[in-house]
Amino acid sequence: MTKDQLQHIKLTEAFVKTTLESAEGGHDWFHTLRVFKNSLLISKNEKVNDYIVALGALLHDIADSKFHNGDEAIGPQKAREFLFIIDVDSETIEHVVSIIENISFKGGNVTKSFSSIELDVVQDADRLDALGAIGIARTFNYGGFKNRKLYDPSIAPDMHMTKEVYKASTAPTINHFYEKLLLLKDRMNTKTGMQIAESRHKFMETFLQQFYAEWNGEQ
């Protein structure tokens, strides 16, 4: 990367860290930092533009629609304005914005309108942070933030939600494992992402077995 590009990344890190200072614990600066690190790890085995991957990872959750009344335009707009201010070239800006617009799960039934290996890498990195021990912690943190039940046996997971229904769901936190988290392993884009997802997926399955055993008074 050039000296200017490295400076852009440094400025972006500072911007995101400040912007997400008071964010919900599962979508804060530390989430972004983990996604950034995972993106760099995955990139080692992929032919990518590291500059775009870095900016996309750092800005992917700059204004998550979940915390802005479902408005999906705020994040891309905020990223675009910031990158323009720090003098990032227009082609890179458009690519980074497209990553932000297409990275989310959104119920898993939405076709991406944009494709690139850089998007694949950042999306895998983001999805890895929804798996394993950290994925479990983030899921229950968000469930508590939304005051949702831990589990209700009478409410079955909905495996065929539209994007709109998924965004509006108030289902118990355990349902989210089936509606999203356990689906991610088979939706990874890169070989490295798949390999890491495998062990994290198994950890979540073990957690769920223990959860139900304790719930039912078996252990």
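See the structure above.
Notes on the structure in this doc start here. (Residues numbered from 1 in each chain as written. Predicted model: local features only at pLDDT ≥ 70, side-chain atom pairs only at ≥ 80, totals over all residues. Heavy atoms only, no water.)

1. Description of the overall build of the protein
Right, so step 1: Helix and strand counts for the protein stand at 10 helices and 0 strands.
Right, so step 2: Taken from the N to the C terminus, the helices and strands of the protein come in the order α-α-α-α-α-α-α-α-α-α.
Right, so step 3: Rg of the C-alpha trace for the protein: 18 Å, near the compact-globule value of 17 Å for 219 residues, within the 12% margin.
Right, so step 4: Its C-alpha atoms give the protein principal-axis dimensions of roughly 60 × 35 × 30 Å.
Right, so step 5: Across the 219 residues of the protein, 47% fall into the buried class.
Right, so step 6: Considering only residue pairs separated by 6 or more positions, the protein has 67% of its internal contacts joining residues 24 or more positions apart.
Right, so step 7: Only carbon and sulfur atoms are counted for the fraction: they give 52% of the accessible area of the protein, which is about 11500 Å².
Right, so step 8: Treating the 25 positive side-chain charges of the protein as one cloud and the 31 negative ones as another, the clouds have centres 2 Å apart. (Helix = DSSP H or I, 4+ residues; strand = E, 2+ residues; numbered from the N terminus. Rg over C-alpha atoms; globule rule 2.2 N^0.38 Å. Buried < 20%, exposed > 50% of the residue type's maximum accessible area, 1.4 Å probe, protein only. Contact = heavy atoms within 4.5 Å. Areas by Shrake-Rupley, 256 points an atom, 1.4 Å probe, with all protein chains shown as cover. Lys, Arg positive; Asp, Glu negative; His and termini not counted. Charge placed at Lys NZ, Arg CZ, Asp CG, Glu CD.)

2. A few points about helix α5 (residues 90–102)
Note that an α-helix has 3.6 residues per turn; residues three or four places apart therefore point the same way.
Right, so step 1: Between its terminal C-alpha atoms α5 stretches 18 Å, which fits the 18 Å expected from 13 residues at 1.5 Å a residue.
Right, so step 2: For α5, the full list of buried residues reads T92, I93, H95, V96, V97, S98, I99, I100 and N102. (Expected span 1.5 Å × (residues − 1).)

3. A closer look at the nonpolar core
Right, so step 1: In this structure, L59, L83 and F177 are the most contacted members of the largest nonpolar core, which totals 52 residues.
Right, so step 2: Every element with two or more residues in this core is listed here: α1 (3–19), α2 (29–43), α3 (50–59), α4 (74–85), α5, α6 (117–128), α9 (173–179) and α10 (191–215).
Right, so step 3: Aside from chain neighbours lying at most four places away, what touches L83 is T12, L55, L59, V88, I93 and V96. (Core = buried A, V, L, I, M, F, W, Y, C linked by side-chain atoms within 4.5 Å.)

4. Quick word on α3
Right, so step 1: Most of α3 sits inside the fold, with 9 of its 10 residues counted as buried.
Right, so step 2: Buried within α3 we find Y51, I52, V53, A54, L55, G56, A57, L58 and L59.
Right, so step 3: The elements touched by buried residues of α3 are α1, α2, α4, α5 and α6.
Right, so step 4: Two or three places before Y51, at the opening of α3, N49 has a side-chain oxygen 3.0 Å from that residue's backbone nitrogen. (Polar contact = N/O pair within 3.5 Å; in protein donor to acceptor, adjacent residues only side chain to side chain.)

5. Re the pattern of salt bridges
Right, so step 1: The tally for this structure, following the rule as stated, stands at 5 salt bridges.
Right, so step 2: For R80, the salt bridge identified is with E94, shortest N-O distance 2.4 Å. On the criterion of sequence distance, the pair formed by R80 in helix α4 and E94 in helix α5 is long-range, its members being 14 residues apart.
Right, so step 3: Judged by relative accessible area, which is 33%, R80 ranks as partly exposed.
Right, so step 4: Exposure remark for E94: the relative accessible area of 39% places this residue in the partly exposed category.
Right, so step 5: A salt bridge links K185 to D186, with the nearest nitrogen and oxygen atoms 3.0 Å apart.
Right, so step 6: The network of salt bridges with shared partners includes R34, D129 and R138. (Salt bridge = Lys/Arg side-chain N within 4 Å of Asp/Glu carboxyl O.)

6. Some remarks on the side chain of T190
Right, so step 1: Here T190 shows up in the loop between α9 and α10.
Right, so step 2: Among the polar contacts listed, one links the side chain of T190 to the backbone nitrogen of G193, at a separation of 3.0 Å.
Right, so step 3: With residues up to four places along the chain from it excluded, the contact list for T190 reads I42, E46, D120, V121 and D124.

7. Some remarks on the environment of T190
Right, so step 1: Here T190 falls in the buried class, since its relative accessible area comes to 2%.
Right, so step 2: In this structure the C-alpha to C-alpha distance between T190 and K202, which are 12 residues apart in sequence, comes to 19 Å.

8. Looking at the packing of α3 against α6
Right, so step 1: Taken N-terminus to C-terminus, the directions of α3 and α6 make an angle of 40°; their axes are 9 Å apart at the nearest point. Put simply, α3 runs oblique to α6. Here α3 and α6 pass one another in a crossing that is right-handed. In this structure, α3 uses I52, V53, G56 and A57 to contact α6, whose residues at the interface are E118, V121 and V122.
Right, so step 2: In terms of residue class, the contact of α3 with α6 is made up of 5 nonpolar, 1 polar and 1 charged. (Axes fitted to C-alpha atoms, helices over the stretch in contact; angles between N-to-C directions. Parallel < 35°, antiparallel > 145°, perpendicular 65-115°, else oblique. Left-handed = near helix turned anticlockwise from the far one by under 90°. Nonpolar A, V, L, I, M, F, W, Y, C, P; charged D, E, K, R; others polar.)

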